[in-house]
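Now for the letters of each chain:
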Protein chains: 2
Amino acid sequence: MRNIKMIIQYDGTRYNGWQKQNQKDSTAKTIQGKIENVLNKMTGEEINVIGCGRTDSGVHAENYIANFFTDCTLTTDEIEKYLEEYLPKDIVIKELRFAKDRFHARYNVKAKTYVYRIDNNKYNNVFTRDFTNHIPVELNIEQMKKAAEYLIGTHDFKSFTSLKAKNNKSTVRTINYINIIKNDGLIEMEVNGNSFLLNMVRIIAGTLIEVGEGKLMAESVETILMEKDREKAGNKAPAKGLTLKEIQY
Amino acid sequence: MRNIKMIIQYDGTRYNGWQKQNQKDSTAKTIQGKIENVLNKMTGEEINVIGCGRTDSGVHAENYIANFFTDCTLTTDEIEKYLEEYLPKDIVIKELRFAKDRFHARYNVKAKTYVYRIDNNKYNNVFTRDFTNHIPVELNIEQMKKAAEYLIGTHDFKSFTSLKAKNNKSTVRTINYINIIKNDGLIEMEVNGNSFLLNMVRIIAGTLIEVGEGKLMAESVETILMEKDREKAGNKAPAKGLTLKEIQY
């Protein structure tokens, strides 16, 4: 068996996220499903593509990492060409190569970087509209940066997840940094952390947006964290603004 | 009569260029047609939108300038809101304001800047694929810059136009500069000139691409100019890579 590692880029607009909804889903509306269908056809095997994590419906990825095991003896170039030919144009393989047997795209993740993009022009830029959340009212970046500071470090992020913790699973996570920059009307919020709870980045983005709009005080983010109550944080920001940027192993 | 000036941004993918094909074209597949239809509905007049120039089918614009005269008494804010509501998402009005009576979007043009974008990654970037020409083979930027030098200044660009000069119209034009930069796999060729012949930027781009691929010597561009023969220059590069960037008045 060979272990093959891929770097995948996708425009998530048309898909129900990365993860396959059920094992027998042949009408794949997921990135995983699309790729497995092509690999199954190519190898004649039942390939299980291991992804670095789930992404929500409509979320994009610049450098998604996945791996799969196969007995197929094609060269990496041949596999890449096959995928290029049969995958839709909104899913591309940036790189494909052999990995060590022990490499596992999900278990080995050390940290992830997401970027949330806001088109903060009055008009909705036609060139980036599929990959940004359009907010025509000018956001106060300085207040957003101030609010973000409270989230850095290890905290219980229970207020920042849609997950209903049934089984006392920990909602403690570590955020290493949040960078917020604005360039020519485009705001990019880069969030790096060891692992993330369900919808965590989108709820952080939604909360920081409310701070930027002046609806929430920057300081209130500290209180929201302490209250451990999803109702206190801001709305979940739209999926189309979110892109998985990088994975560290 | 009030003279209103607009800065327009459009994703040209779905359109047959800026210019309306005929006066009675109500099933507008052109940017001009789409905007006139909305303005006609709003004003009850027959509005003639004057554009800064034609753009080919499939070509985009970041800052297209147009103006129109109207008796309508709405405020500029109200007109902008109306256009925002009724125009499709791939055409947006970035700015709209009153201009002096003598302002004419086409006659007053001093210079235009186009940018031709090439995705020079092996894979076709999913986020820019609608606005770039994908060339997976690495182009030699230094040779392209060298070739571009021959085009700067005032020359007869007969080799670089699809126009069949029937009536001895001059094909002499002036190019002020061509900047070529590469950033993260994206090549941008910025071409600034006083006015351009039919398909001139796309044929320049196509010729420089052939130089970058090593199919043409940089020096041969000088000969191509002198020969005044369309057959000698490179192919017309695909429309989707071309964007009208800026107009100087």
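Quick notes on the rules
Residues numbered from 1 in each chain as written. Chains lettered and ligands numbered in written order. Predicted model: local features only at pLDDT ≥ 70, side-chain atom pairs only at ≥ 80, totals over all residues. Heavy atoms only, no water. Salt bridge = Lys/Arg side-chain N within 4 Å of Asp/Glu carboxyl O. Helix = DSSP H or I, 4+ residues; strand = E, 2+ residues; numbered from the N terminus. Buried < 20%, exposed > 50% of the residue type's maximum accessible area, 1.4 Å probe, protein only. Core = buried A, V, L, I, M, F, W, Y, C linked by side-chain atoms within 4.5 Å. Contact = heavy atoms within 4.5 Å. Least-squares fit on C-alpha atoms with pLDDT ≥ 70 in both. Domains from an automatic or database assignment. Buried area = accessible area lost by both parts, 1.4 Å probe.

Caption draft 1: Just the pattern of salt bridges, in detail. Per the counting criterion, the structure on display carries 26 salt bridges over all chains. With its nearest N and O atoms 3.8 Å apart, the salt bridge here joins Glu80(B) to Lys122(A). Taken together, the residues Glu80(B) in helix α2 (residues 76-86) and Lys122(A) in the loop between β5 (111-119) and β6 (133-134) connect one chain to another. Accessibility expressed as a relative area gives 14% for Glu80(B), which makes it buried. For Asp90(B), the salt bridge is made with Arg14(B), and the minimal N-O distance between the two is 2.7 Å. Of this pair, Asp90(B) sits in the loop between α2 and β4 (91-99) while Arg14(B) is found in the loop between β1 (2-10) and α1 (31-43), placing the two residues 76 residues apart along the sequence. If you follow the salt bridges from partner to partner, you end up with Glu62(A), Arg117(A) and Glu188(A) in one network.

Caption draft 2: Representation of the nonpolar core within the structure. If you look at the biggest cluster of nonpolar residues, it comprises 72 residues, and the most contacted ones within it are Met6(A), Ile8(A), Ile35(A), Leu83(A), Phe160(A) and Met189(A). A total of eight residues in this core trace back to one element, the largest contributor, which is helix α4 (residues 200-212) of chain A. If near-sequence neighbours (up to four positions away) are discounted, Ile35(A) is found in contact with Met6(A), Ile8(A), Trp18(A), Val49(A), Leu83(A), Leu87(A) and Ile91(A). Counting 70 residues, the second largest nonpolar core, distinct from the first, contains Tyr15(B), Ile141(B), Ile178(B) and Ala218(B).

Caption draft 3: Geometry of the relation of the copies chain A and chain B. Laying chain A over chain B is done by rotating through 180° and shifting 0.0 Å along the axis; what remains is an RMSD of 0.0 Å. Between the two chains, the operation in question is that of a two-fold axis. Comparing contact sets, 100% of the residues at the interface of chain A also lie at the interface in chain B, consistent with an isologous, same-surface contact.

Caption draft 4: Structural view of the side chain of Glu62(B). Structurally, Glu62(B) is set in strand β3 (residues 60-70). Discounting chain neighbours no more than four positions away, the residues touching Glu62(B) are Phe127(A), Ile8(B), Gln9(B), Lys94(B), Val115(B), Arg117(B), Thr243(B), Leu244(B) and Lys245(B).

Caption draft 5: Quick peek at the domain arrangement of chain A. Residue and element names in this part refer to chain A. Split by domain assignment, chain A resolves into domain 1 (2-99) and domain 2 (111-248). Spacing between the C-alpha centres of domain 1 and domain 2 amounts to 28 Å. In this complex, domain 1 contributes 16 residues to the contact, which on the side of domain 2 involves 16 residues. Of the roughly 1100 Å² buried between domain 1 and domain 2 on both sides combined, carbon and sulfur atoms contribute 53%. If you sort the residues of domain 1 by the area they bury against domain 2, Asp 56, His 60 and Glu 62 come out on top, with a joint share of 44%. Counting the contacts that link domain 1 with domain 2 gives two salt bridges. Arg 202 serves as the salt-bridge partner of Asp 56, at 2.7 Å between the closest nitrogen and oxygen.

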